[in-house]
Amino acid sequence: MAGLIGTLSGVALVCVGCMSPKIGFDSPAPNKRLDAIALAAEEDDQESLVQLVKTLSSVDPSERMLAIRALEKREGTTLGYDHAAPKWERLEAINRWREYIGLSDDDDDSADLPMKSK
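Residues numbered from 1 in each chain as written. Predicted model: local features only at pLDDT ≥ 70, side-chain atom pairs only at ≥ 80, totals over all residues. Heavy atoms only, no water.

Draft legend 1. Structural context of the nonpolar core. One finds Leu52, Leu56, Ile68, Leu71, Tyr81, Trp97 and Ile101 to be the most contacted residues of the largest nonpolar core, which totals 18 residues. Those elements that place two or more of their residues in this core are α2 (30-40), α3 (46-55), α4 (61-75) and α5 (87-101). Not counting residues within four places of it along the chain, the set of residues in contact with leucine 71 comprises Leu49, Leu52, Val53, Leu56, Gly76, Thr77 and Trp97. (Core = buried A, V, L, I, M, F, W, Y, C linked by side-chain atoms within 4.5 Å. Buried < 20%, exposed > 50% of the residue type's maximum accessible area, 1.4 Å probe, protein only. Helix = DSSP H or I, 4+ residues; strand = E, 2+ residues; numbered from the N terminus. Contact = heavy atoms within 4.5 Å.)

Draft legend 2. Local environment of the packing of α4 against α5. Relative orientation of the contacting elements α4 and α5 amounts to 35°, with a least axis distance of 14 Å. Like other packed secondary-structure pairs, α4 and α5 cross with a definite hand, here left-handed. Along its contact with α4, which presents Arg64, Ile68, Leu71 and Glu75, the element α5 presents Arg90, Trp97 and Tyr100. (Axes fitted to C-alpha atoms, helices over the stretch in contact; angles between N-to-C directions. Left-handed = near helix turned anticlockwise from the far one by under 90°.)

Draft legend 3. How the structure looks around the pattern of salt bridges. Evaluation of the coordinates by the stated rule reveals three salt bridges. Arginine 33 is the salt-bridge partner of glutamate 63, the closest N and O atoms lying 2.6 Å from each other. Placement of glutamate 63 in helix α4 and of arginine 33 in helix α2 is noted, with a sequence separation of 30 residues between them. Neither glutamate 63 nor arginine 33 differs from the other in exposure class; each is buried. In this structure, lysine 73 and glutamate 42 form a salt bridge, with 2.3 Å as the shortest nitrogen-oxygen distance. In this pair, lysine 73 is assigned in helix α4 and glutamate 42 in the loop between α2 and α3, connecting sequence segments 31 residues apart. For lysine 73, a relative accessible area of 52% corresponds to the exposed category. Overall, the relative accessible area of 57% leaves glutamate 42 in the exposed class. (Salt bridge = Lys/Arg side-chain N within 4 Å of Asp/Glu carboxyl O.)

Draft legend 4. Structural view of α5. The terminal C-alpha atoms of α5, which comprises 15 residues, lie 21 Å apart, in line with the 21 Å expected from a rise of 1.5 Å per residue. Taken residue by residue, α5 has Arg90, Ala93, Ile94, Asn95, Trp97, Arg98 and Ile101 as its buried positions. In this structure, the buried side of α5 is in contact with α3 and α4. Backbone geometry just after α5 places glycine 102 at a positive phi near 80°. (Expected span 1.5 Å × (residues − 1).)

Draft legend 5. Geometry of unusual backbone geometry. Of note, the phi angle at leucine 79 is positive, near 55°, even though the residue is not glycine. Mapped onto the elements, leucine 79 comes out in the loop between α4 and α5. On the basis of relative accessible area, leucine 79 is assigned to the partly exposed category, the value being 22%.

Draft legend 6. Spatial organisation of the environment of tyrosine 81. Here tyrosine 81 shows up in the loop between α4 and α5. Taking the C-alpha atoms as reference, tyrosine 81 lies 8.3 Å from glutamate 92; in sequence the two are eleven residues apart. Setting aside chain neighbours within four positions, we find tyrosine 81 in contact with Leu56, Arg64, Ile68, Arg90, Ala93, Ile94, Arg96 and Trp97.

Now the structure itself:
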């Protein structure tokens, strides 16, 4: 009996370790955030467009690079955004993207985006 309980406990621990985070822009797993960006490149909706623009301000350069490539694929432009540029240059380009997709400082969807410089 003790052997069976030990085996079942081991199987349960292995199964818990097999669970993977969901794909999403807010996933704790970097690879799942990259998957979300790649999927958004194929979408044609405003919500994923907003999420891609938000991702331009990520601290992860690979997320920023993939996001701008996805935006370029969808919209046909980068609006001068360079994922490897200094932060101040990226913020200027993010503000151009905000304007391009019609986000204002008052939009609830833009709460996580850097604020426009006045």
